[in-house]
Structures are given as C-alpha cells and as structure tokens.
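# What the coordinates show
If you want the building blocks of each chain, they are given just below.
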Amino acid sequence: MVLMLTRADKWLIGILLVVSLAGIGYSTIAYSASSSDVAEIWVNGALYQTVVLRAGYRQEFRVNVAGGYDIIEVEGRRIRVREADCPTQECVLTGWIEKAPQQIVCLPYRIVIKVVSSAPLDMDAIVH
C-alpha cells in the first residue's frame, strides 16, 4: 500500500515541524535565561559582595582582611581565588568553580565564595 500525500498534507506537516522546533527553541532560551547564577563572597560570616556570573563578563578585585588579602577573579560563568597570601594556599589550589553548590573556602581569612543558582540542583542530596 502506497501512501499518497497531497499538497495540503505536506504544508500541514511543514507547519507542524516549524511550530515544534520554535517551541523547543523558545523553551531552551527561556530556561537558560531564567537560571541566573551568582557568586556570593562572604567575609567573617557576613555577605561582602554578590557577583553575577554571565558569559563575556570579566572582573578582578581584592578582598582585604586583617592580616592578608585574596584576589578574586571572575571570568564568564566561573570564579576563583587567583592569589592569596595565606599560608596554606588551599583557596588558590581549589581553582575555578562554576556550578552550584560549589564553594571556595579560605580558612585563615574566613572568606567563603559560593556559587548560588536559581536552577534546581542536578543531584539528589548532599550528605555532611
């Protein structure tokens, strides 16, 4: 049995494909735009600064605390401690973070950098 498509059938299939692809594209763009990631920098338990992580953004700033400093670098959707004068350098060795709930901790200076996202986490649980 041979299925014959009329000209109207072909137009209907074409329109349905275009509408479907447009819906998929819109939902992808709308979802990615609504999940905004930010990095919160905490010093001595108090919120020091909030930085929006977005593509094409670059910033570098210094956080001075009693006894030392951390230089924090933001590049696109990721953040790191580029330089610190603390003795252990664990905050520098942590490297780049970009996904919630990743964080960088500088214990000697009590600096914590957390990535916070409005998007749901892609993990079931965090066990301490």
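Please refer to the structure higher up on the page.
### Focus: the pairing of strand β4 (residues 68-75)
A large share of β4 lies buried, amounting to seven of its eight residues. In this structure, strand β3 (residues 58-65) lies alongside β4, joined through eight bridges in antiparallel fashion. Residue pairing for β4: E60 is matched across the bridge by E73. The turn linking β3 back onto β4 is made up of two residues, and G67 within it adopts a positive phi angle of 100 degrees. Linking β4 to strand β5 (residues 78-84), which pair antiparallel, is a turn of two residues; within it G76 sits at a positive phi near 65 degrees.

### Overview of the packing of aromatic side chains
Within the structure shown, the criterion is met by zero aromatic pairs. Stacked on the ring of Y57, the Lys or Arg R54 has its end atom at 4.3 Å from the ring centre. A cation sits over an aromatic face here: R78 above W96, 4.0 Å from the ring centre.

### Topic: the nonpolar core
Counting 23 residues, the largest nonpolar core has I41, I72, I79, I111 and I113 as the members making the most contacts within it. Listing elements by their share of this core, those giving two or more residues are β1 (37-43), β2 (46-53), β3, β4, β5, β6 (103-106) and β7 (111-117).

### Considerations on the sheet that holds β3
Taken in spatial order, the three strands of this open sheet run β3-β4-β5, and their pairing is antiparallel. Every other strand in the sheet has two partners, leaving β3 and β5 as the edge strands with one partner each. Direction aside, the axes of adjacent strands within the sheet are offset by 25 degrees on average.

### Concerning the environment of R78
Examined against the element boundaries, R78 turns out to sit in strand β5. Relative accessible area serves as the criterion here: at 27%, R78 is assigned to the partly exposed category. Each C-alpha atom, one on R78 and one on L53, is 6.5 Å from the other, the two residues being 25 residues apart in sequence. A polar side-chain atom of R78 sits 2.7 Å from a polar atom in the side chain of E75.

### Details of the side chain of D37
Mapping D37 onto the fold places it in strand β1. For D37, a relative accessible area of 13% puts it in the buried group. In terms of polar contacts, D37 uses its side chain to reach the side chain of R77, at 3.0 Å. Here the side chain of D37 touches S117 through a polar contact of 2.7 Å, side chain to side chain. Residues contacting D37, with those up to four places away along its chain left out, are V52, L53, R77, E98, V116 and S117.

### Thoughts on the side chain of D70
With respect to the helices and strands, the residue D70 is situated in strand β4. Summary of buried charges: D70 has no salt-bridge partner, and the nearest side chain of opposite charge, R62, is 9.0 Å away. Leaving out residues up to four positions away in the same chain, D70 has contacts with F61, R62, V63, V81, E83, A84, C91, C106, Y109 and I111.

Here is what the cut-offs are and how they apply
- Residues numbered from 1 in each chain as written.
- Predicted model: local features only at pLDDT ≥ 70, side-chain atom pairs only at ≥ 80, totals over all residues.
- Heavy atoms only, no water.
- Buried < 20%, exposed > 50% of the residue type's maximum accessible area, 1.4 Å probe, protein only.
- Helix = DSSP H or I, 4+ residues; strand = E, 2+ residues; numbered from the N terminus.
- Pairing = 2+ DSSP bridges.
- Phe/Tyr/Trp six-rings, centres within 6.5 Å; stacked < 30°, edge-to-face > 60°.
- Lys NZ or Arg CZ within 6 Å of the ring centre and 35° of its normal.
- Core = buried A, V, L, I, M, F, W, Y, C linked by side-chain atoms within 4.5 Å.
- Axes fitted to C-alpha atoms, helices over the stretch in contact; angles between N-to-C directions.
- Polar contact = N/O pair within 3.5 Å; in protein donor to acceptor, adjacent residues only side chain to side chain.
- Contact = heavy atoms within 4.5 Å.
- Lys, Arg positive; Asp, Glu negative; His and termini not counted.
- Salt bridge = Lys/Arg side-chain N within 4 Å of Asp/Glu carboxyl O.

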